[in-house]
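These are the residues of each chain, in order.
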Amino acid sequence: MAMASQGPRLLVLGLLLWALRPLGSHAGKLLVVPVGGSHWLSMVGVIQRLQQSGHEIVVVAPEAVLHIKEESFYTLRRYAVPFRKEDMEASFSELGHNVFENDPFLQRMIKIYKKVKKDSALLLSGCSHLVHNKELMASLAESSFDVVLTDPFLPCGAIVAQYLALPAVFFLNALPCGLHYEGTQCPNPVSYVPRSMSSNPDHMTFLQRVKNMLFVLTEKVTCNVVYSPYAQLASEVLQRDVTVQDLLTSASIWLLRTDFVNDFPKPVMPNMVFIGGVNCLHKNLLSKEFEAYVNASGEHGIVVFSLGSMVSEIPEKKAMAIAEGLGKIPQTVLWRYTGTPPSNLAKNTILVKWLPQNDLLGHPKTRAFITHAGSHGIYEGICNGVPMVMMPLFGDQMDNAKRMETRGAGVNLNVLEMTADDLEDALKKVIYDKSYKENIMRLSSLHKDRPIEPLDLAVFWVEFVMRHKGAPHLRPAAHDLTWYQYHSLDVIGFLLAIVLFVAFVAFKCCAYGFRKCFGKKGRGKKAHKSKTH
Ligand SMILES: *[C@@H]1O[C@H](CO)[C@@H](O)[C@H](O)[C@H]1NC(C)=O
């Protein structure tokens, strides 16, 4: 009894001690080298939380970048680049148009290849201007940071971390071409781990496994275009031979924005930390404007529609088909769209330049979420339990959409072929067929049943790396093996040689004995006898 009554008092004491803890005691300095655009929007919440934990944060970003701006919770250090913000915006609006063009497959591939080549050259030149900026790099070197937090999608932060000899924490969804497997040395058997962008499930048919293998064989070539120039740049700056793999294996911890409710079960490494849903915790009350829309929607509720932060404009014909489809449902649709409003926009559809996506999805009156199936949106949909109509556009979005569809939590539309009726059918299906809501609620409860919030987990591991100056004890020895050692080919060869040698000797002995015993009939026996004497 006495013990039980101690409980609350101890708790209060504990809380008091926690509140009074000297904030500066473990306060450190973080250098953040982010990737702009949607990648930044996923990372900024973690940075804010790290600042609230008492750390000082410096973000370095190019002068021309999307979404990264001055904030009170970090110091922004900009560096000059040979392009303007308008160039970046133009590049993304071009991407927005490209994905809606219904070209033949080969032409489409060539177009994508050219675009990737052009855009990655632009981004690489940005990185080059950072690492060659003597003044900035010298000032960063003087600042004695504890850790570099970076998104390895562009391995520029990895170069900076090596240059400053600092431990790095990687923050990402996944890398293209399975480069995160190379970076972590995580086993990824091609027989049941679907390659990114293959749209394969984990239980693959023979042909799907063939496809998976072909992806492995081709992706090395395609990704070289984007990533090998960074190895050259790094070699130049660090004045030693650096490979892409060297850059990627330099991370102490990989913070991966995935969760197994969306991903498939597969091997993991001790320095891989899963923080899928990290963006869902931040929830604010709706502003008056949005609350009024939601209130006015009546019993039918609302549908939230956004194609992400990067694509906000679509060709007029497509926009009209979408507007027509949206007009056929009784729900109020809030559509994030910055282009010219389609002329056939129905009364129930409200265009907004920006919407508080996670806050709206968290509202009980939200019936469905129309999304491009970016990882950020998918996790907000899962977290809030809102069934989805998905229009994947590029990158990992097809995979995300496929996975939600196979789990019965949404309907996947082909944005190129879809008609107004298809959109209407899909929306009615996810809103009125109870199974979609049930399935997404099941995923949501699995996702949220965890011992620690992903945001706290991310902060813990960043601080862990700061406290211990890296995490070499989590680094598998696989990093230091050659490919034939990794696959034990040298050992297999050695053992095989012994077996062959023994077999050879045994064979020779037998042959010799055989010859002695039966070799030459009659005389053989005599010879044998005479020898034994
Ligand atoms: C919306 O409805 C709620 C509950 O009825 C009410 O408290 C709130 O003031 C309304 N908001 C607006 C902006 O009309």
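These figures come from a predicted structure and were not determined experimentally.

What counts, and where the lines are drawn
Positions within a chain are numbered from 1, following the residues in the order the chain's sequence is written. Per-residue local features of the predicted model are confined to residues with pLDDT of at least 70, and side-chain atom pairs are confined, for both listing and counting, to 80 or more; whole-chain, interface and lining totals are unaffected and use all residues. Just so you know, side-chain values use all the structure's heavy atoms and leave hydrogens and water out. Using a grid of 1 Å spacing that covers the protein atoms alone, one calls a set of points a cavity when a 1.4 Å probe fits there but cannot get out, and a pocket when the set is open and has protein on both sides within 12 Å along at least five of seven lines; lining residues are those with an atom within 4 Å of a point. Grid points are joined across faces, edges and corners, and a volume is the space filled by probe spheres set on the points. Only strands joined by at least two bridges in the DSSP assignment are considered to pair. Each helix corresponds to a stretch of at least 4 residues labelled H or I by DSSP, and each strand to a stretch of at least 2 residues labelled E; elements are numbered beginning at the N terminus. To obtain each axis, a line is fitted to C-alpha atoms, and for helices this fit is confined to the stretch in contact; angles are then taken between N-to-C directions over 0 to 180 degrees. For our purposes a nonpolar core is just a set of buried Ala, Val, Leu, Ile, Met, Phe, Trp, Tyr and Cys residues, chained together by side-chain atoms within 4.5 Å. Only protein chains enter the accessibility calculation, which uses a 1.4 Å probe; a residue is then buried when its area is under 20% of its type maximum, exposed when over 50%, and partly exposed in between. Whether two residues are in contact is decided by their heavy atoms, any of which lying within 4.5 Å being enough. Per-residue confidence from the predictor is reported as pLDDT, which spans 0 to 100. The labels follow the angle: roughly parallel below 35 degrees, roughly antiparallel above 145, roughly perpendicular from 65 to 115, and oblique for the rest. Crossing chirality is assigned from the near helix's rotation relative to the far helix, an anticlockwise turn below a right angle marking it left-handed and a clockwise turn marking it right-handed. Each residue receives one of three labels: charged for Asp, Glu, Lys and Arg, nonpolar for Ala, Val, Leu, Ile, Met, Phe, Trp, Tyr, Cys and Pro, and polar for the others, Gly being one of them.

A. Structural detail: empty space enclosed by the protein. Summed over all chains, the structure comprises one cavity of 30 Å³ or more. Looking at the largest cavity, its volume works out to about 40 Å³. Contributing to the lining of the largest cavity are Arg257, Gly277, Val278, Asn279, Ser375, His376 and Tyr379.

B. Expanded view of the sheet that holds strand β1 (residues 29-33). On the basis of which strands lie adjacent, the open sheet formed by seven strands has the order β3-β2-β1-β4-β5-β6-β7 and parallel pairing. The open sheet has two edge strands with one neighbour each: β3 (75-79) and β7 (272-274). Direction aside, neighbouring strands of the sheet carry axes that sit 20 degrees apart on average. For β1 and strand β4 (residues 147-150), the ladder comprises four bridges, and the chain directions are parallel.

C. Highlighting the nonpolar core. Counting residues in each nonpolar core, the largest one holds 56 residues, and the members touching the most others are Leu31, Leu130, Leu140, Ile159, Val160 and Trp254. Excluding residues that lie within four positions of it along the chain, Leu31 makes contacts with Val58, Val60, Leu140, Phe145, Val147, Val148, Leu149, Val160 and Leu164. Counting 36 residues, the second-largest nonpolar core is a separate cluster that includes Val32, Met43, Val44 and Val169.

D. Representation of the confidence of the model for the chain. Mean pLDDT for the chain: 90, with 92% of residues reaching 70 or above. Taken as a whole, residues 529-533 scores under 50 in pLDDT and shows two contacts with residues more than four places along the chain or in a different chain.

E. Molecular detail of the packing of helix α4 (residues 105-131) against helix α8 (residues 206-238). Orientation of α4 relative to α8, taken along the N-to-C sense of each, is 20 degrees, at an axis distance of 9 Å. As judged from the angle between their axes, α4 and α8 are roughly parallel. Crossing handedness for the pair α4 and α8: right-handed. Of the residues in α8, those touching α4 at Tyr113, Val116, Lys117, Ser120, Leu123, Leu124, Cys127, Ser128 and Val131 are Val225, Val226, Pro229, Tyr230, Leu233 and Val237. Of the residues in the contact of α4 with α8, the class split is twelve nonpolar, two polar and one charged.

F. Seen up close, the sheet that holds strand β8 (residues 302-306). Ordered in space as β10-β9-β8-β11-β12-β13, the six strands form an open sheet in which the pairing is parallel. Edge positions in the sheet fall to β10 (349-352) and β13 (410-412), since each of these pairs with one other strand and no more. On average, each strand axis in the sheet is inclined to that of its neighbour by 15 degrees, with strand direction left out of account. Bridge count for β8 against strand β11 (residues 366-371) is five bridges, and the pairing is parallel. Residue pairing for β11: Ser306 is matched across the bridge by Thr371. Each of β12 (388-390) and β13 touches helix α14 (residues 397-406); the most contacted strand, β13, lies at about 130 degrees to it.

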